[in-house]
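# Fold and contact review
Each chain, written out:
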Amino acid sequence: MNWKRKDVLGLQNLSVEEIEIILDTAVSMKEVLGRTIKKVPALRGRTVVTLFYEPSTRTRTSFELAAKYLSADSVNLSASTSSVVKGETLKDTARTLAAMGADVVVLRHPMAGAPNLLAETIPAAVINAGDGTHEHPTQALLDMFTVREKLGKLAGLNVAIIGDILHSRVARSNIWGFTKMGARVRICGPATMIPASIETMGVEVCTGIEEALEGADVVMMLRIQLERQQQGLFPSLQEYTRLFGLNRQRLALARPGALVMHPGPINRGVEISPEVADGVNSVITEQVTNGVAVRMALLYLLGGGGIPVA
């Protein structure tokens, strides 16, 4: 199957075949990252713009590195230093970027649906780097890539996602992605942080962390997103850690060799203990490396890379 989609706005609308193409392409891209000279000419002459309306370190940097490794020209814009502070709308900014010849625009925005608006406005390819509490498709793709690389498959696995599900775009994208690829997903967190009717997404809701961890192949811990929360969703951080934090004793409930994941940044000692975050089950650092490979794959596919990666 050849890649035909102009944009990647979320995993809800991607097919199994499209997800497989991205993950398979990322395998070749990761091989490039292992070279002494991490550079291929696949996107020479293409321009990639990262447009971020929210703070970011991992996602933004990995997209910038991905563009550079593919020999694309990259331009980095943030809302705080652009004409947005003068009142320019997203549509106006998008049209300006298109007029300047952008081939791919990577957008992070606090409003759900903003990447879709952008994709309808400009001919350039649009990649959603996180929109509100809606989706974060590239994070889920790198998570799936990491699991497939470590465990050899996605179908049939038990995946536990634990924490602030309500505010997590990472959780939503991972639920769409893992369930489409044949995994069983359980979620767990404070009742105030579980969206209503989330069972319709094909997940099992667990009331206690022990139930969620039982027999899990993958344990994905989520950051407590205090910046997006209303107050009063849980009594205190200490209480949250007591009920939903991942420590060595609780991890023992999962299957031997279970992977421990976290999208970062980690609140050490809150959602995950330092001994687990730095332990043998943790693939958190590998997730960061794989994030560059997956984003290289997306830029290559959407940027029309005509030169084979060799």
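Numbers given to residues run from 1 along each chain, matching the order in which its sequence is written. In keeping with the model being predicted, local features are shown solely for residues with a pLDDT of at least 70 and side-chain atom pairs are shown and tallied solely at 80 or more, while totals for entire chains, interfaces and linings include all residues. As a rule here, side-chain values cover all heavy atoms of the structure and leave hydrogens and water aside.

## Some remarks on the sheet that holds strand β1 (residues 47-52)
Selection rule: Two strands pair under a simple rule: DSSP has to find at least two bridges between them. Put simply, DSSP marks the helices as runs of H or I at least four residues long and the strands as runs of E at least two long, and each gets a number from the N terminus on. Here an axis means a line fitted to C-alpha atoms, over the contact stretch when the element is a helix, while the angle between two N-to-C directions is reported on a 0 to 180 degree scale. A contact between two residues is defined here by any heavy atoms of the two lying within 4.5 Å.
Judged by pairing direction, the sheet is parallel, and its 4 strands sit side by side in the order β2-β1-β3-β4 without closing on themselves. Edge positions in the sheet fall to β2 (73-78) and β4 (125-131), since each of these pairs with one other strand and no more. The mean angle between the axes of side-by-side strands here comes to 15°, regardless of whether they run parallel or antiparallel. Pairing geometry for β1 and β2, over 6 bridges, is parallel. Bridging across to β2, phenylalanine 52 finds its partner in serine 78. Seen against the sheet, helix α3 (residues 90-99) touches β1, β2 and β3 (104-109) and runs at an angle of roughly 165° to β1. Along the sheet, helix α4 (residues 114-121) contacts β3 and β4; its crossing angle with β4, the most-contacted strand, is approximately 165°.

## Describing the UniProt feature "binding site: carbamoyl phosphate" (unreviewed entry) in the chain
The condition that has to hold: UniProt positions are given in the numbering used here, feature names are shortened, and annotations may be inferred rather than shown by experiment.
Taking the numbering used here, the UniProt-annotated feature "binding site: carbamoyl phosphate" (unreviewed entry) corresponds to Arg58, Thr59, Arg108, His136, Gln139, Gly264 and Pro265. Its place among the elements puts arginine 58 in helix α2 (residues 58-69). Not counting the four nearest positions on each side in its chain, arginine 58 is found in contact with Pro263, Gly264, Pro265 and Arg295. Tracing the backbone through its elements, the reader meets glutamine 139 in helix α5 (residues 137-151). Non-local contacts of glutamine 139, meaning those with residues more than four positions away in its chain, are made with Val170, Pro263, Gln287 and Arg295.

## Brief notes about α4
Filter applied, for reference: Any residue under 20% of the maximum accessible area for its type is buried, any over 50% is exposed, and the rest in between are partly exposed; the area is computed with a 1.4 Å probe on protein chains only. The directions considered for the arc run from the helix axis to the C-beta atoms.
Within the span of α4, buried status applies to Ala114, Pro115, Leu118 and Ala119. For α4, the buried positions fall inside an angular range of 135° around the axis, keeping them on one side.

## As for the state of the cysteines
Inclusion rule: Throughout, disulfides are identified as pairs of cysteine sulfur atoms within 2.5 Å of each other.
This structure, assessed with the given rule, holds 0 disulfides. Cysteine cysteine 188 is unpaired, with the sulfur of cysteine 206 as its nearest cysteine sulfur at 6.2 Å. What makes cysteine 206 buried here is its relative accessible area of 3%.

## Let's talk about the sheet that holds strand β9 (residues 259-261)
Across the sheet, 5 strands lie side by side as β7-β6-β5-β8-β9; this open sheet has parallel pairing. Either end of the sheet is taken by a strand with one partner, and the two such strands are β7 (204-206) and β9. Sheet twist, expressed as the average angle between the axes of neighbouring strands with direction ignored, equals 20°. Where strand β8 (residues 218-221) and β9 come together, 3 bridges link them in parallel fashion. Residue methionine 220 lies in a different strand from β9, and its bridge partner there is methionine 261.

## What to know about the pairing of β4
How we decide: For the handedness criterion, the strands are oriented away from the viewer, and a crossover whose path from the first strand over the helix to the second runs clockwise is classed as right-handed.
Here β4 lies mainly inside the structure; 7 of its 7 residues are buried. Note: β3 against β4, 5 bridges, orientation parallel. By the bridge assignment for β4, leucine 107 is matched with asparagine 128. Handedness of the crossover joining β3 and β4 through α4 is recorded here as right-handed.

## Quick word on the domain arrangement of the chain
Put simply, the rule is: Boundary definitions for the domains trace back to an automatic or database domain assignment. Buried area is a sum: the accessible area each of two parts loses on coming together, probed at 1.4 Å, counted once for each and added. A pairing counts as a salt bridge when a side-chain nitrogen of Lys or Arg comes within 4 Å of a carboxyl oxygen of Asp or Glu. For the purposes of these results, a polar contact is taken to be a pair of N or O atoms within 3.5 Å, where, inside protein, one atom must be able to donate a hydrogen and its partner to accept one; residues adjacent in sequence count only when each atom of the pair is a side-chain atom. Three classes are used, and their members are as follows: Ala, Val, Leu, Ile, Met, Phe, Trp, Tyr, Cys and Pro are nonpolar, Asp, Glu, Lys and Arg are charged, and the others, Gly among them, are polar.
What the domain assignment reports for the chain is domain 1 (7-135 + 289-303) and domain 2 (137-284). Contacts between the two partners involve 34 residues from domain 1 and, on the opposite side, 26 residues from domain 2. Together domain 1 and domain 2 conceal approximately 2,400 Å² of surface at their shared face, both sides included; 64% is due to carbon and sulfur atoms. At the junction of domain 1 and domain 2, the tally comes to 3 salt bridges. A salt bridge links arginine 148 to aspartate 24; its shortest N-O distance comes to 3.0 Å. For the pair domain 1 and domain 2, the interface holds 13 residue pairs in polar contact (both at pLDDT 80 or more). Mapped by element, the contributors of at least two residues to the side of domain 1 that touches domain 2 are α1 (16-33), α2, β3, β4 and α11 (284-302). The dominant element in the side of domain 1 that touches domain 2, judged by the number of residues it contributes, is α1, at 9 residues. A breakdown of the residues in the side of domain 1 that touches domain 2 according to their chemical character gives 14 nonpolar, 11 polar and 9 charged.

## Describing the packing of aromatic side chains
This is how the line gets drawn: Here a Phe, Tyr or Trp ring, Trp counted by its six-membered ring, pairs with any other such ring whose centre lies within 6.5 Å, and the pair is stacked when the planes are under 30 degrees apart, edge-to-face when over 60, and tilted otherwise.
The final tally for this structure, using the stated rule, is 1 aromatic pair. Judged by centre distance (5.6 Å) and plane angle (40°), the ring pair of tyrosine 240 and phenylalanine 244 falls under tilted. Placement of the pair is tyrosine 240 and phenylalanine 244 together in helix α8 (residues 237-244), with a separation of 4 residues, close to one helical turn. The burial state of tyrosine 240 is the same as that of phenylalanine 244; both residues are buried.

## Considering the pattern of salt bridges
For the structure shown, the criterion picks out 14 salt bridges. Its salt-bridge partner being glutamate 54, residue arginine 169 comes within 3.2 Å of it at the nearest N-O pair. Of this pair, arginine 169 sits in helix α6 (residues 169-180) while glutamate 54 sits in the loop between β1 and α2; the two residues are 115 residues apart in sequence, bridging distant segments of the chain.

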